[in-house]
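Summary of structural features
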Amino acid sequence: MLAIINGTILTMAGAPIPRGTVLADNGKILQVGQDIKVPVQAEIIDATGKIVMPGLIDAHTHVGIMEEIYRIEGDDTNETTDPVTPHLRAIDAVNPQDLGFQDALAGGVTTVVTGPGSANIVGGQMVAMKTHGTVVDEMIIRFPAGLKCALGENPKRVYGSKKMPATRMASAALLRETLAAAQIYLAKQEQAGTEGAKAPDRDLKLEAVGRVLKGEIPLRVHAHRADDIMTAVRIAREFNVDLVIEHCTEGHLIAPWLAKAGVKAVVGPIISNRAKVELMNRSLETAMALFRHGVPFALMTDHPVVPVNYLSLSAALAVKGGLPEEEALKALTINAAKLLGLATRIGSLEPGKDADIIVLDRTLLDPRHRVEKVIVGGCQVIN
């Protein structure tokens, strides 16, 4: 049993609680509030003068898959032998010993979504996982967490000289073709056994895409430029699937359209230069524009593009771009959890949720802050 006492608690589910207590046991939060009776057997952390809040969520990374230091040996990000690989699973590439997980914990990030890169039109299945653990299987909190797809410059650059796609038209066509094939696959499965219909042979690719069509997981599409974002919206509407735009760099240019379409977004990396043409209109105001128009969003580092421990700094820069501080904190906690379908487990300090908690010496949005303690599943991993 663990009790964090006397801190200013940002539950992310209500008003801050001054001189409050968080009581946890068996990896779960038991109570949050003032005047809580702390059992004598509880381990006590005195957070007087400190900020206590939920562990942060980085909603798009390549932690454990695109390892730093190791290049060929530790880079399993893109399977550049086929532009359509929905059957690839992030969990089969993640190395829990990647130093990125240590960086995440040092920055107060207790949950990440990690997955394939953006070389392929359909790259594979992403995973939401805790950043503390020995083996992937014990770190997973949702798998699959989405089907990673990509539009824009990357697939054209990787495949255009040798096969489709060489154009944006071909990229969209390949994605449509894959979704249509999965529709047929699911229909044949439903018809199996009726009027002598035979079940189709198992197809791992179409099985993975079928989860998107059945509404079990979202289609998470890498798209920077406004026209690529709208192509993803068009295809998602055509196949009636849940869509999350990854990066959404020019989202501020089309925010009303995204709101009307009911699209969600994971914005970032905010700390970046104009490394390619489709980043020409990057802006610190993207998150603010999405917030103003009611588009649900989270923030990302795209680690190792930006180190995962700079997630809080990314949020501070979004505030510089006009985003209210409270909304910036939500984009790293409860709103990120809602976007990932994990709000019943993480994202806020409430009874019954995972005891993923961080203790700070000052507000998270102050670049001088220090993450003094990190608790994951009720266990102190930084103290």
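Bear in mind that the values here come from a model prediction, so they are computed numbers and not experimental data.

**Details of the overall build of the chain**
- Along its length, the chain carries eleven helices and 16 strands.
- Computed over the C-alpha atoms, the radius of gyration of the chain is 21 Å, within 12% of the 21 Å expected from 2.2 N^0.38 for a compact globule of 383 residues.
- Overall, the C-alpha framework of the chain stretches about 65 × 50 × 45 Å when taken along its three principal axes.
- Evaluated residue by residue, the chain yields a buried proportion of 54% over its 383 residues.
- A sequence separation of at least 24 residues applies to 68% of the contacts in the chain between residues at least 6 apart.
- Considering the chain, the positive charge centre built from 40 side chains and the negative charge centre built from 43 side chains are found 4 Å apart.

**Some words on the pattern of salt bridges**
- All told, the structure shown has 22 salt bridges when counted by the stated rule.
- We note a salt bridge from R225 to D227, for which the minimum N-O separation is 2.6 Å.
- Using a relative accessible area of 33% as the deciding quantity, one classes D227 as partly exposed.
- Between R370 and E372 there is a salt bridge, and its shortest N-O distance comes to 3.5 Å.
- Ionic contacts of the salt-bridge type, sharing partners, join the residues K28, K130, R345, D354 and D356 into one network.

**Observations concerning the packing of aromatic side chains**
- A full pass over the atoms with the stated rule returns zero aromatic pairs.
- Positioned over the ring face of W257 is K260, at 6.0 Å from the centre of the ring.

**Things to note about the pairing of strand β8 (residues 122-130)**
- Most of β8 sits out of view: nine of its nine residues are buried.
- In this structure, β8 lies alongside strand β9 (residues 140-150), joined through six bridges in antiparallel fashion. Within β9, the position partnered with M129 by the bridge is I140.

**Some details on the sheet that holds strand β10 (residues 219-223)**
- Taking strand neighbours across the sheet as the criterion, the eight strands line up as β6-β7-β8-β9-β10-β11-β12-β13 in an open arrangement whose pairing is mixed. Only two strands of the sheet have a single partner each, and these edge strands are β6 (56-61) and β13 (297-299). On average, each strand axis in the sheet is inclined to that of its neighbour by 25 degrees, with strand direction left out of account.
- Alignment of strand β12 (residues 264-267) against β13, held across three bridges, turns out to be parallel. Counted as the bridge partner of V266 is A298 from β13.
- Each of β10 and β11 (243-247) is contacted by helix α6 (residues 226-239), which is oriented at about 165 degrees to β11, the strand it contacts most.

**Some thoughts on the packing of helix α4 (residues 168-191) against helix α5 (residues 204-213)**
- The geometry of α4 relative to α5 is characterised by a closest axis approach of 9 Å and an angle of 90 degrees between their N-to-C directions. If you check the angle between α4 and α5, you find them roughly perpendicular. Here T178, L179, A181, A182, Q183, Y185 and L186 of α4 lie close against α5, whose contacting residues are L206, E207, V209, G210 and L213.
- Counted by class, the contact of α4 with α5 contains eight nonpolar, three polar and one charged residues.

**A look at the nonpolar core**
- Core analysis: the biggest nonpolar cluster contains 83 residues, and L258, L290, F297 and L299 have the highest contact counts within it.
- Apart from residues lying up to four places away in sequence, F297 is in contact with A265, V267, A287, L290, F291, L323, A331, N335 and L339.
- In terms of nonpolar packing, the next biggest core, distinct from the first, is built from 17 residues, A128, A145, A337 and L340 among them.

Scoring rules and cut-offs
Residues numbered from 1 in each chain as written. Predicted model: local features only at pLDDT ≥ 70, side-chain atom pairs only at ≥ 80, totals over all residues. Heavy atoms only, no water. Helix = DSSP H or I, 4+ residues; strand = E, 2+ residues; numbered from the N terminus. Rg over C-alpha atoms; globule rule 2.2 N^0.38 Å. Buried < 20%, exposed > 50% of the residue type's maximum accessible area, 1.4 Å probe, protein only. Contact = heavy atoms within 4.5 Å. Lys, Arg positive; Asp, Glu negative; His and termini not counted. Charge placed at Lys NZ, Arg CZ, Asp CG, Glu CD. Salt bridge = Lys/Arg side-chain N within 4 Å of Asp/Glu carboxyl O. Phe/Tyr/Trp six-rings, centres within 6.5 Å; stacked < 30°, edge-to-face > 60°. Lys NZ or Arg CZ within 6 Å of the ring centre and 35° of its normal. Pairing = 2+ DSSP bridges. Axes fitted to C-alpha atoms, helices over the stretch in contact; angles between N-to-C directions. Parallel < 35°, antiparallel > 145°, perpendicular 65-115°, else oblique. Nonpolar A, V, L, I, M, F, W, Y, C, P; charged D, E, K, R; others polar. Core = buried A, V, L, I, M, F, W, Y, C linked by side-chain atoms within 4.5 Å.

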